[in-house]
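One letter stands for each residue in the lines below.
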Amino acid sequence: MPAPERIPPGSLTDAELVDLLTKGQLTVLGQVRGASNAVLYCTVAYEGEERTCVYKPVAGEQPLWDFPDGTLAQREVAAYEISEAMGWGLVPPTVLRDGPYGEGMCQLWIEAPAGESADGDSPLLALVEDEEPADGWKAIALAEVGEGKTALLVHADDPRLRRLAVLDAVINNGDRKGGHLLPAPGGRLYGIDHGVTFNADDKLRTLLWGWAGEPLTAEAVEVLGRLAEELVPGTALVTRLAELITAVEIDALRGRVEALRVAGRHPEPSGGWPSIPWPPV
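No experiment lies behind these values; they were computed from the predicted model shown. (Residues numbered from 1 in each chain as written. Predicted model: local features only at pLDDT ≥ 70, side-chain atom pairs only at ≥ 80, totals over all residues. Heavy atoms only, no water.)

Draft legend 1. Representation of the overall build of the protein chain in the model. Across its full length, the protein chain carries six helices and 10 strands. Whereas a compact globule of 281 residues would reach a radius of gyration of roughly 19 Å, the protein chain reaches 18 Å, a difference of no more than 12%. By its C-alpha atoms, the protein chain is 55 × 40 × 40 Å across when sized along the principal axes. Among the 281 residues that make up the protein chain, the fraction classed as buried is 48%. Taking the intrachain contacts of the protein chain between residues at least 6 apart in sequence as the baseline, contacts between residues at least 24 apart amount to 66%. Accessible surface computed for the protein chain: about 13200 Å², of which carbon and sulfur atoms make up 52%. Of the side chains in the protein chain, 23 bear a positive and 43 a negative charge, and the two mean positions are spaced by 2 Å. (Helix = DSSP H or I, 4+ residues; strand = E, 2+ residues; numbered from the N terminus. Rg over C-alpha atoms; globule rule 2.2 N^0.38 Å. Buried < 20%, exposed > 50% of the residue type's maximum accessible area, 1.4 Å probe, protein only. Contact = heavy atoms within 4.5 Å. Areas by Shrake-Rupley, 256 points an atom, 1.4 Å probe, with all protein chains shown as cover. Lys, Arg positive; Asp, Glu negative; His and termini not counted. Charge placed at Lys NZ, Arg CZ, Asp CG, Glu CD.)

Laid out in structure tokens, this is it:
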């Protein structure tokens, strides 16, 4: 399946959206509730263009035991940079900038098409009573549904999700939940919330285990080869990443890309870390 046409909402290119997010006037409209860190819903306006966006100030980040304080916003931007380098456009345009509450991550707001949702009721995820997934679905794990009953949690056997599973393995995503999968117009699918990524230790925790142990697609192998070339010391991508994550984390990133290329397979749960996020959506 070829990558969907990469025309963002409103017919601005990704580069133009990055410019808008970086230079535009941020106006806070409200707060997104239920998030563990401060997430502000905003408009951003510049040279006659206006879009809605998410602004996550560093000052609103909650400390984590396994990530340095005040680094989650930078990791979200680094995830966007890697997504762009891979050519799949799986992360909405994302920048690091100053805002009403200090430096933070600013990301384009993605509206789901009518009839599609970004939560656990999404057609990308389902709970089924069967012991094996139906055609077109991949098994994740058995889930307790109450009164001693279990159901099989499955995700769609969708090329867009499969690309996202590869991206998550590359960036070492520690929190790929169902609510982080956003369908968008034109058949695109975005992943969001990449604050707990790029740890030097294995932290991969995701719902997208359906391809675990299976061979990577030829497309993924080619993309990983190109990414490896862009991660050679001294490249523009590495220079940019050095502003966002540590040298040790960049070395670990190179190691994960090389390990995927050598293995030629999707990773499997390591057993040393919970493999599925909680809550899953």
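The discussion continues.
Draft legend 2. Region of the structure containing the environment of G255. As for its placement among the helices and strands, G255 is situated in helix α6 (residues 247-263). Distance from G255 to A228, taken between C-alpha atoms, is 9.5 Å for residues 27 residues apart in sequence.

Draft legend 3. Quick look at the packing of aromatic side chains. In this structure the tally under the stated criterion is one aromatic pair. Aromatic side chains Y41 and W109 sit 4.7 Å apart centroid to centroid with 70 degrees between the ring planes, which places their arrangement in the edge-to-face category. Residue Y41 is found in strand β2 (residues 40-46), and its partner W109 is found in the loop between β5 (102-108) and β6 (125-128); the two are separated by 68 residues along the sequence. Judged by relative accessible area, which is 28%, W109 ranks as partly exposed. (Phe/Tyr/Trp six-rings, centres within 6.5 Å; stacked < 30°, edge-to-face > 60°.)

Draft legend 4. Just α6, in detail. Relative to the 24 Å expected for 17 residues at 1.5 Å per residue, α6 spans 24 Å between its end C-alpha atoms, a close match to the ideal helical length. All of the buried residues along α6 are E249, I250, A252, L253, R256, V257 and L260. Relative to the axis of α6, the buried residues are bounded by an arc of 160 degrees and lie together on one face. Of the residues in α6, the exposed ones pointing more than 90 degrees away from the buried face are A247, V248 and V262. (Expected span 1.5 Å × (residues − 1). Arc of directions from axis to C-beta.)

Draft legend 5. Seen up close, the nonpolar core. Counting 48 residues, the largest nonpolar core has I82, M86, V170, L227, L231 and L241 as its most contacted members. Those elements giving two or more residues to this core turn out to be α2 (72-86), β8 (149-156), α3 (159-171), α4 (218-230), α5 (236-241) and α6. Residues contacting L241, with those up to four places away along its chain left out, are A78, E81, I82, L231, I250 and L253. The next biggest cluster of nonpolar side chains, apart from the first, holds 18 residues, and it includes Y55, L108, L182 and A184. (Core = buried A, V, L, I, M, F, W, Y, C linked by side-chain atoms within 4.5 Å.)

Draft legend 6. Representation of the pairing of strand β3 (residues 49-57). Note that β2 and β3 share seven bridges and pair antiparallel. Residue pairing in the sheet places T43 in a bridge with T52 of β3. Linkage of β2 to β3, two consecutive antiparallel strands, is achieved through a turn of two residues, within which E47 is found at a positive phi near 50 degrees. By the bridge criterion, five bridges tie β3 to β5 in an arrangement that is antiparallel. The residue bridging P57 from the neighbouring strand is G104, located in β5. (Pairing = 2+ DSSP bridges.)

Draft legend 7. Spotlight on the packing of α2 against α3. The N-to-C vectors of α2 and α3 enclose an angle of 125 degrees; their axes lie 11 Å apart at closest approach. The angle between the axes of α2 and α3 places the two elements in the oblique class. You can see that α2 and α3 cross each other, and the crossing is right-handed. Along its contact with α2, which presents A79, I82, S83 and M86, the element α3 presents V166, L167, V170 and I171. Counted by class, the contact of α2 with α3 contains seven nonpolar, one polar and no charged residues. (Axes fitted to C-alpha atoms, helices over the stretch in contact; angles between N-to-C directions. Parallel < 35°, antiparallel > 145°, perpendicular 65-115°, else oblique. Left-handed = near helix turned anticlockwise from the far one by under 90°. Nonpolar A, V, L, I, M, F, W, Y, C, P; charged D, E, K, R; others polar.)

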